[in-house]
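# Observations on the model geometry
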Amino acid sequence: MFKIAINGVCGRMGARIAALASEDSELKLVAALERSGHPMLGKDVGSISGCGDTGVKITSSLTVHADVLIDFSSPESSVTIADICSKKNIAIVVGTTGLGPQQHEKFQYYSQVIPCLVSPNMSIGVNILFNLVGQVARMVENEFDIEIVETHHRFKKDAPSGTALRLAEKICEATERTMEQDVVYGRNGITGERPANQIGIHAVRSGDVVGDHTVVFGSLGERIEITHKAHTRDTFVRGAIRAAKFIAKKPPGMYCMSDVLQIRSY
Ligand code: NAD
């Protein structure tokens, strides 16, 4: 039995984690955290996750021990809660996106003390896609132009998505490209012809789309498109719960979803 805490529990992801965790016999939810001033503070977490009375109140600080904390909040809050977890010896799974380089460095630092897993996408399909895009990029070399198009719901706060950025990073790692020199974020005006090495990233915000990512490899006369579409947030929630169980009893270190999902690179 793993004791879990959730940070950002009243959010779209946090509430679903609370709901699915309450149905999981291997998990015991012990803390449900929200930002101070949130109107749901003091209420039973069951009132936002629809799972009846749980006896766990929504609070703004972590006062009990947990084996693992799952965070889907904001970049600032993720780092703050990771600092607290490192002092309380609690493993952490971070799904929050929009983290900057300095915030990523902080997680590297905390991973010396506690098990950490930071992933912009917890779905099996996208983690397969992360492996696939580098291979395809290597195969097509500079014959094909590479563009990444992501679509998310209108409430999403960061752009482009963490997943689109990770896809670009994977392509850069697999080829002679760098994020700094070769990635452009949208285009506007007289941009000139497209350099062969360029990776374009485009963010569409529309209605209630859970998350679509397409990597387009386009050449003269043909193109390859690889698309992943998430139908429900529960896909990410299940991945996050699987990740939490995976790292809960692991030694300190930085873990990734490929470890959890046992996705092999070919
Ligand atoms: P949301 O806005 O619905 O929820 C975020 C919650 O965090 C809110 O309830 C907010 O009040 C809370 N929060 C903010 N500051 C806080 C603080 N200081 N302490 C505690 N709680 C705080 O957003 P969401 O759709 O649930 O997404 C949350 C994050 O997860 C986003 O960054 C999103 O991009 C990311 N996300 C990642 C994945 C993945 O698979 N890794 C999947 C979906 C969403």
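Residues numbered from 1 in each chain as written. Predicted model: local features only at pLDDT ≥ 70, side-chain atom pairs only at ≥ 80, totals over all residues. Heavy atoms only, no water.

## Some words on the sheet that holds strand β8 (residues 183-185)
Ordered in space as β8-β9-β7-β10-β11, the five strands form an open sheet in which the pairing is mixed. Only two strands of the sheet have a single partner each, and these edge strands are β8 and β11 (222-230). Direction aside, the axes of adjacent strands within the sheet are offset by 15° on average. In terms of strand pairing, strand β10 (residues 211-219) meets β11 through nine bridges, oriented antiparallel. Among the inter-strand pairings, H213 is bridged to a residue of β11, identified as H228. Here helix α5 (residues 124-140) sits on the sheet in contact with β7 (145-152), β10 and β11, set at roughly 170° to β11. (Pairing = 2+ DSSP bridges. Helix = DSSP H or I, 4+ residues; strand = E, 2+ residues; numbered from the N terminus. Axes fitted to C-alpha atoms, helices over the stretch in contact; angles between N-to-C directions. Contact = heavy atoms within 4.5 Å.)

## Some points on the site of the ligand
Lining the immediate surroundings of the ligand are 24 residues, of which R12, M13, E34, T97 and K156 lie closest. Contacts to the ligand include G11, whose backbone N or O atom sits 3.1 Å from an oxygen atom. In isolation the ligand exposes 850 Å². Once the protein is present, 81% of that is buried. In terms of residue class, the shell around the ligand is made up of six nonpolar, 12 polar and six charged. (Near = heavy atom within 4 Å. Polar contact = N/O pair within 3.5 Å; in protein donor to acceptor, adjacent residues only side chain to side chain. Areas by Shrake-Rupley, 256 points an atom, 1.4 Å probe, with all protein chains shown as cover. Nonpolar A, V, L, I, M, F, W, Y, C, P; charged D, E, K, R; others polar.)

## Remarks on the pairing of strand β9 (residues 199-205)
Consecutive side chains of a regular strand alternate in pointing toward one face of the sheet and then the other. In terms of strand pairing, β7 meets β9 through seven bridges, oriented parallel. Residue pairing across strands places T151 opposite V204, the latter belonging to β9. Direction of pairing for β8 relative to β9: parallel, over a ladder of three bridges. Each bridged residue has a counterpart across the sheet, and for Y185 the counterpart in β9 is I201.

## Focus on the packing of aromatic side chains
For the structure on display, the rule yields two aromatic pairs. Where F246 meets Y255, the ring centres are 6.2 Å apart and the plane angle is 80°; that geometry is what we call edge-to-face. Y255 gets classed as buried once you look at its relative accessible area, which sits at 14%. Here K250 stacks its cationic end above the ring of F246, 4.2 Å away from the centre of that ring. (Phe/Tyr/Trp six-rings, centres within 6.5 Å; stacked < 30°, edge-to-face > 60°. Buried < 20%, exposed > 50% of the residue type's maximum accessible area, 1.4 Å probe, protein only. Lys NZ or Arg CZ within 6 Å of the ring centre and 35° of its normal.)

## Here's the deal with the nonpolar core
Among the nonpolar cores identified, the biggest contains 38 residues, and I4, V45, V68, I70, V93, L117 and M122 are the most heavily contacted of them. Elements supplying a minimum of two residues to this core: β1 (2-7), α1 (12-22), β2 (27-33), β4 (68-71), β5 (91-94), α8 (234-247) and α9 (257-261). Those residues in contact with V45 that sit more than four places away from it in its chain are V9, A18, L29, A32, T54, V56 and I58. In terms of nonpolar packing, the next biggest core, distinct from the first, is built from 22 residues, V133, V140, C172 and F217 among them. (Core = buried A, V, L, I, M, F, W, Y, C linked by side-chain atoms within 4.5 Å.)

## A few points about the domain arrangement of the protein chain
A common way to express how large an interface is: the accessible area buried when the components associate. Considered domain by domain, the protein chain is made up of domain 1 (2-118 + 233-261) and domain 2 (124-230). Here domain 1 and domain 2 have C-alpha centroids that lie 29 Å from each other. Contact with domain 1, which involves eight residues of that partner, is made by nine residues of domain 2. On the domain 1 side of the contact with domain 2, R12, T97 and R233 bury the most area, a combined 44% of that side's loss. Linking domain 1 with domain 2 are zero salt bridges. Summed over the shared surface of domain 1 and domain 2, the number is three residue pairs in polar contact (both at pLDDT 80 or more). Taken together, the elements giving at least two residues each to the side of domain 1 that touches domain 2 come down to α8 and α9. (Domains from an automatic or database assignment. Buried area = accessible area lost by both parts, 1.4 Å probe. Salt bridge = Lys/Arg side-chain N within 4 Å of Asp/Glu carboxyl O.)

## Examining the sheet that holds β1
The sheet built from seven strands is open, its strands ordered β3-β2-β1-β4-β5-β6-β12 with parallel pairing. Two strands close off the open sheet at either side, each with one partner strand: β3 (58-59) and β12 (253-255). Pairing of β2 with β3 involves two bridges; the strand directions are parallel. Bridging from a neighbouring strand, L33 pairs with T59 of β3. Packing of α1 onto the sheet brings it into contact with β1, β2 and β4, and relative to β1 it is tilted by some 160°.

## Considering the state of the cysteines
Counted by the stated rule, this structure contains zero disulfides. Free cysteine C85: the closest other cysteine sulfur is in C116, separated by 8.4 Å. On the basis of relative accessibility, which here comes to 0%, the residue C85 falls in the buried class. (Disulfide = S-S within 2.5 Å.)

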